[in-house]
Amino acid sequence: MDVTLLQPLALLALVGAMIITTYEMGISIKPASCAECPHCRANAAAARREQDRLRREYARRVGLPEDEDDDDRLIG
């Protein structure tokens, strides 16, 4: 392998490692959720209510029926 090619590859590897590390650090500071904790259950219920509200609002704005059981317009 040519020596002039090694330096750009090493720099690219370093930048890639920095990006991956930053991403992993961001993921690690998000709290984990559990099925038993009242706080986590409240957050999950709030997220479900928000998705339901968005679904109804979208259906009303576009003019689609709101009561369909096979609705695949879920956001997220």
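What you see is a predicted model; the values in this text were computed from it and never measured.

The rules behind these values
- Residues numbered from 1 in each chain as written.
- Predicted model: local features only at pLDDT ≥ 70, side-chain atom pairs only at ≥ 80, totals over all residues.
- Heavy atoms only, no water.
- Helix = DSSP H or I, 4+ residues; strand = E, 2+ residues; numbered from the N terminus.
- Expected span 1.5 Å × (residues − 1).
- Buried < 20%, exposed > 50% of the residue type's maximum accessible area, 1.4 Å probe, protein only.
- Patch = residues over 30% accessible without salt bridge, like charges linked within 9 Å, V, L, I, M, F, W, Y side chains within 5 Å.
- Areas by Shrake-Rupley, 256 points an atom, 1.4 Å probe, with all protein chains shown as cover.
- Salt bridge = Lys/Arg side-chain N within 4 Å of Asp/Glu carboxyl O.

Colleague: Is there a simple way to think about helix 2 (residues 38-62) in this case?
Modeller: One turn of the α-helix equals 3.6 residues, which is why residues spaced by three or four share an orientation. Helix length check: helix 2, at 25 residues, gives a terminal C-alpha distance of 36 Å against a target of 36 Å (1.5 Å per residue), a fit within 8%. Listing the buried residues of helix 2 in full gives Cys-40, Ala-45, Arg-55 and Ala-59. At the C-terminal side of helix 2, Gly-63 shows a positive phi close to 90°.

Colleague: Quick question: what am I supposed to make of a nonpolar patch on the surface here?
Modeller: A contiguous nonpolar surface patch, about 490 Å² in accessible area, is contributed by Leu-11, Leu-14, Val-15, Met-18 and Ile-19. You can see Leu-14 is positioned in helix 1 (residues 3-28). According to the relative accessible area criterion, Leu-14 is partly exposed, its value standing at 49%.

These figures come from the coordinates and say nothing about function on their own.
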